[in-house]
Every structure is written in C-alpha cells, then in structure tokens.
Amino acid sequence: SSLRPRTMATKAKNGATATKPKPEEHPEWEFGGPLGVFGIMVFSHALIYYCWVCLTYYEGGVTVPSSVADIGPWIQRFFGHILEGAWPTAFAFKIYWIFLLFVAFLQYVCPGVMMKGLPLEHENGRKLDYNCNALCAWYISLAVWIYLQWSGLFPWSTLMHHYGPLLSVSVVSGNLISVATYVITVARGKGFRMSGNVIYDFFMGACLNPRIGSLDLKMYAEIRISWMLLFFLTTSCAAYMYEEHGTVSWPMLFLCLAHFLYANACMKGEECIPTTWDIFYEKNGWMLIFWNFAGVPFVYCFQSVYLSKVAGPIEHHPAYTATLYVVLCCAYFVWDTANSQKNHFRMQQEGTYVKRPYAFPQLPWQTLKDPKYIKTERKSLLLVSGWWAYARKIHYSMDLIMSLCWGLICGFGSWVPFMYFAFFFTHLMHRAKRDTDRCAAKYGKDWEKYCKEVPYLFLPYIF
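Residues numbered from 1 in each chain as written. Predicted model: local features only at pLDDT ≥ 70, side-chain atom pairs only at ≥ 80, totals over all residues. Heavy atoms only, no water.

(A) Region of the structure containing the overall build of the protein. A tally of regular secondary structure across the protein gives 16 helices and eight strands. With respect to the three principal axes, the spread of C-alpha positions in the protein is 65 × 50 × 50 Å. Counting all 463 residues of the protein, 54% fall into the buried class. Pairs at least 24 apart in sequence give 77% of the contacts found in the protein among residues at least 6 apart. Element-wise, carbon and sulfur atoms account for 65% of the exposed surface of the protein, whose accessible area totals about 21100 Å². (Helix = DSSP H or I, 4+ residues; strand = E, 2+ residues; numbered from the N terminus. Buried < 20%, exposed > 50% of the residue type's maximum accessible area, 1.4 Å probe, protein only. Contact = heavy atoms within 4.5 Å. Areas by Shrake-Rupley, 256 points an atom, 1.4 Å probe, with all protein chains shown as cover.)

(B) A nonpolar patch on the surface, seen in detail. A grouping of Val-68, Ile-71, Ile-75 and Phe-79 is seen on the molecular surface, where their side chains present a nonpolar patch of about 390 Å² in accessible area. In this fold, Ile-75 is placed in helix 2 (residues 71–85). What makes Ile-75 partly exposed here is its relative accessible area of 36%. (Patch = residues over 30% accessible without salt bridge, like charges linked within 9 Å, V, L, I, M, F, W, Y side chains within 5 Å. Salt bridge = Lys/Arg side-chain N within 4 Å of Asp/Glu carboxyl O.)

(C) Main features of the state of the cysteines. Applying the stated criterion across every chain, the model contains zero disulfides. Note on Cys-136: no disulfide assigned, nearest cysteine sulfur contributed by Cys-110 at a separation of 3.8 Å. Accessibility expressed as a relative area gives 23% for Cys-136, which makes it partly exposed. The closest cysteine sulfur to the non-disulfide-bonded Cys-451 is located on Cys-439, 8.9 Å from its own sulfur. (Disulfide = S-S within 2.5 Å.)

(D) Representation of the pattern of salt bridges in the model. Scanning all chains against the criterion turns up twelve salt bridges. Each of the salt bridges in this network shares a partner with another, and the network as a whole consists of Glu-30, Glu-282 and Arg-434.

(E) Seen up close, helix 12 (residues 302–311). Within helix 12, seven of the ten residues are buried, which leaves the element mostly enclosed by the surrounding structure. Taken together, the buried positions of helix 12 are occupied by Phe-302, Gln-303, Ser-304, Val-305, Tyr-306, Leu-307 and Ser-308. Taken from the residues just after helix 12, Gly-312 is the one with a positive phi, measuring 75°.

(F) Broad picture of the packing of aromatic side chains. The full count for this structure, using the stated rule, is 45 aromatic pairs. Judged by centre distance (4.6 Å) and plane angle (75°), the ring pair of Trp-29 and Tyr-200 falls under edge-to-face. Taken together, the residues span a long stretch of sequence, with Trp-29 in the loop between strand 2 (17–20) and helix 1 (33–57) and Tyr-200 in helix 7 (residues 198–204) at a distance of 171 residues. Here Tyr-200 falls in the buried class, since its relative accessible area comes to 2%. (Phe/Tyr/Trp six-rings, centres within 6.5 Å; stacked < 30°, edge-to-face > 60°.)

(G) Structural detail: the side chain of Ser-195. Structurally, Ser-195 is set in the loop between helix 6 (163–187) and helix 7. A polar side-chain atom of Ser-195 sits 2.9 Å from a polar atom in the side chain of Asp-201. (Polar contact = N/O pair within 3.5 Å; in protein donor to acceptor, adjacent residues only side chain to side chain.)

(H) Highlighting unusual backbone geometry. Its identity is not glycine, yet Asp-370 carries a phi of approximately 50°, on the positive side. Locating Asp-370 in the fold gives a position in the loop between helix 13 (318–350) and strand 7 (373–375). A positive phi angle, near 75°, is found at Lys-379, a position not held by glycine. Structurally, Lys-379 can be placed in the loop between strand 7 and strand 8 (381–383). What makes Lys-379 exposed here is its relative accessible area of 64%.

(I) Layout of empty space enclosed by the protein. With the rule as written, the count across this model stands at three cavities of 30 Å³ or more. Approximately 60 Å³ is the volume found for the largest cavity. Every residue lining the largest cavity is listed: Gln-107, Asp-129, Tyr-130, Asn-131, Arg-211, Ser-214, Asp-216, Met-219, Arg-224 and Glu-270. Among the elements of the structure, strand 4 (129–132) and helix 8 (217–245) are those that each provide at least two residues to the lining of the largest cavity. The element that contributes the greatest number of residues to the lining of the largest cavity is strand 4, accounting for three residues. Here the residues of the lining of the largest cavity sort into two nonpolar, three polar and five charged. (1 Å grid on protein atoms, 1.4 Å probe; cavity = no way out; pocket = protein on both sides within 12 Å on 5 of 7 lines; lining within 4 Å. Points joined across faces, edges and corners; volume = space filled by probe spheres on them. Nonpolar A, V, L, I, M, F, W, Y, C, P; charged D, E, K, R; others polar.)

See the structure below:
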C-alpha cells in the first residue's frame, strides 16, 4: 500500500534481518492526519458521554443549550451529570479489571486450535502462532455468568446499577492501556511503520502484534473483551428490566439474541481472525485499543440501556417484531457464512484449515467446494464464488442490516438507539474505501478484472 511508508531494515544482533523503526514522510495521511485523528479522539469521548447523559437524564432526548447565554451553564450541567452518575468508583474498577484478568487467564490456560498468522513482511515472512481458544473461554465464561446469577453472588443487574461508573472505568482503562502500549513500544525501540508525529502514531499505533507471553493483546481485546462484555451488559439490561417491571420484553430478548449471535460468532470463528486486516495489518493503537475496551461494549449496548432504563418493556405490533427477528436471522446467516467462506478459502490455501464440529451453530454453506477465484500476478487469490460472487463487501452490508435492526427494535422514541447504526455506517464506508484503495494499488489490473467479475460492492444489482 502507498498509504504508509515501509520502515528500514537492519541487521539484528543474531544476524537475522529485523525492522528498525525510522520516521519517514507519509505520501498520504489517513483519517485527516494528526489534526483529524486528534479530532476523532476528542469526538469519541464526547459522543460516548453525550449519549449516556441523554439516556440517563433526558429520557433519550437531545440536550442543547437553550440560548447563547446558556452555553456556560449547560456545560456545567453536562459535566455535573458525569460527576454525579459516572464517576469511576473503586467498585466499578474492581468489576471491570477482574473481568479483564479473568478473560486473560482463560486465554493462557484454555485448550484451543493452534493457527498461524499471515507472513509478516517486516520480519522476513515470519508467521506468528495463535492459540485460538476463545470458544472454550466463551463457554466457561457463560457458565460462570449463569452461576453468578443463580447463586446470588453477583446478580446480572449489578452491571446496570453501576453502568455510569463502569463506562468511565472503561474509558480511563482504554486510554491508560493505549498510553502504556505506545510508551513501552517506543521505549523498547520496537516502533513499526511510524510517521514521526506523536499524535498520529499514538492513534494509529506503534506496534503490530504486542504480546505478553502467549497472550496476543490485540486478539484478546478485539475478540474477547469487546464482544463478551457487550453480551454480558445486554443480559444485565434484561435482568434490570425484569427486576424493575417483572417482565422481559420481546425487543429486549431480540437484543439478547442479536448480541449473543454476534459474540458467539466471533468466538466460534476465532481461528479465522489471525488472517484478517485488523490482525495482520492494522497496528495496535488508540483507535483499536480504546474502542475494544470501551467503545464497542458500552456504545453498542446503548439500545439495551435505552430499553431497560428509559422505554421499559415496550411491545410493538407482532408482525413488526416478527419481521425484525426474521431479517436479523437472515442477515446473520449471510454474514456468518460469507465470513466463513472467505476465511476458510484463505486457510485452505495456507493449509491451516481445521473443521470445528463442536462450534455452535454449524451453518450450511460455510465452506466452498471447488471455489472459483482469480489468481493475481502477486500470487494472491481473489475469491469469486459463494456469497463473494454477488458483492465484494457483502459481509459489510449484512453487518449494517443487523445494526439497523438493533435500532428498529427499540421503536422511534429516541435517536440514541440509531446512533450505533450511523456510527457503524460511517466506519464501514471509510473502511471499505481504505481497503479498496489498498487493493487497487496492490493488485493493479488484476483488481480491475476482479471488479468486472464482481461489479457490485455492497448489494447485488443495487450498489
């Protein structure tokens, strides 16, 4: 890719070729460069707390200054709400960090499937080993979660009773982990693909695959922390609704199902993750760390929070609710099988594919037989079979449909449940452009041939 410069190579002490980080001028900044990424970091914090304040103090409505003269008092009220309801308490720190350490412990000790990552060009094609044991850790975590509720040791609704403090703890922790990762990497001289601008490199990351022993910190945060915690928060919302109203609505059960399906898919397909963009190319900077530790679990569950604390056990017309259940399940089927097809195809070419029959659910058409593909001059294979014969980013389309359903099931009493869809839409459009630009530069005429073979980007015959 021409978006980022390659670092210089130098001889390591053992005589092997290693990568020496050296700032070089970027031909093109991503995300608007240093000023753009600084704005994203500020906006992310503001967005999270603004949504929380609207849900907690304004019943999901919009809060703005009533006049120019009210700007100062409004800001004071806004921060007063945060201090009152979202101060990071010691109890919240205890809950959050026990969870982080428990999940890390499971990644160290649980059995799993050993997989190889893609060749790392800056390390002479070395492939990292990944113990993909998230499915085992997920099942153990679910068993522990059920036991905590059943025994009364830790009722599920506790998370909702302390949601504000937990939100702030996740924000503080995400920022601290980002700073620690950056500082330690730079201090050790392990910076990779650095621009020379501190703000930009902090946002994008200084290291590619940080590890503590066998614990891959990027995989740990992206697969386990974010999605496990999202599901636990949503079940906490359901328990809180039952505690307050004596019932759990169909919309709340919908969100429990939706978040379970998504989290479970990440766990049962973890062996496919080492070869994805986030792992083999995206550096582990604030962008990934903050959103995995704070943004994904606490922002993506705003729909559940809205139903439990604002709307209550609302019900829609049965036909409306049933339609959303059907659309969710259909979109999930395409999303799950499309991701499986692509990653299983890639793993078969690498000779690393392992069938996991105990992973639930087992869906038909996950693995393609005799798939069609385009072989590029770089020896890469571009899949044009299965779902990938219909659209180049069909998994993004299904992701967006599911996220829209998460908002629609909440009704139209607030804008907050739709914020995730709006955010996710912007994120995926930008990501699709980044990926398309990178592939066009990488494959050249082969990419043009691929686009002619699969002309639609998101939805067949539409776009």
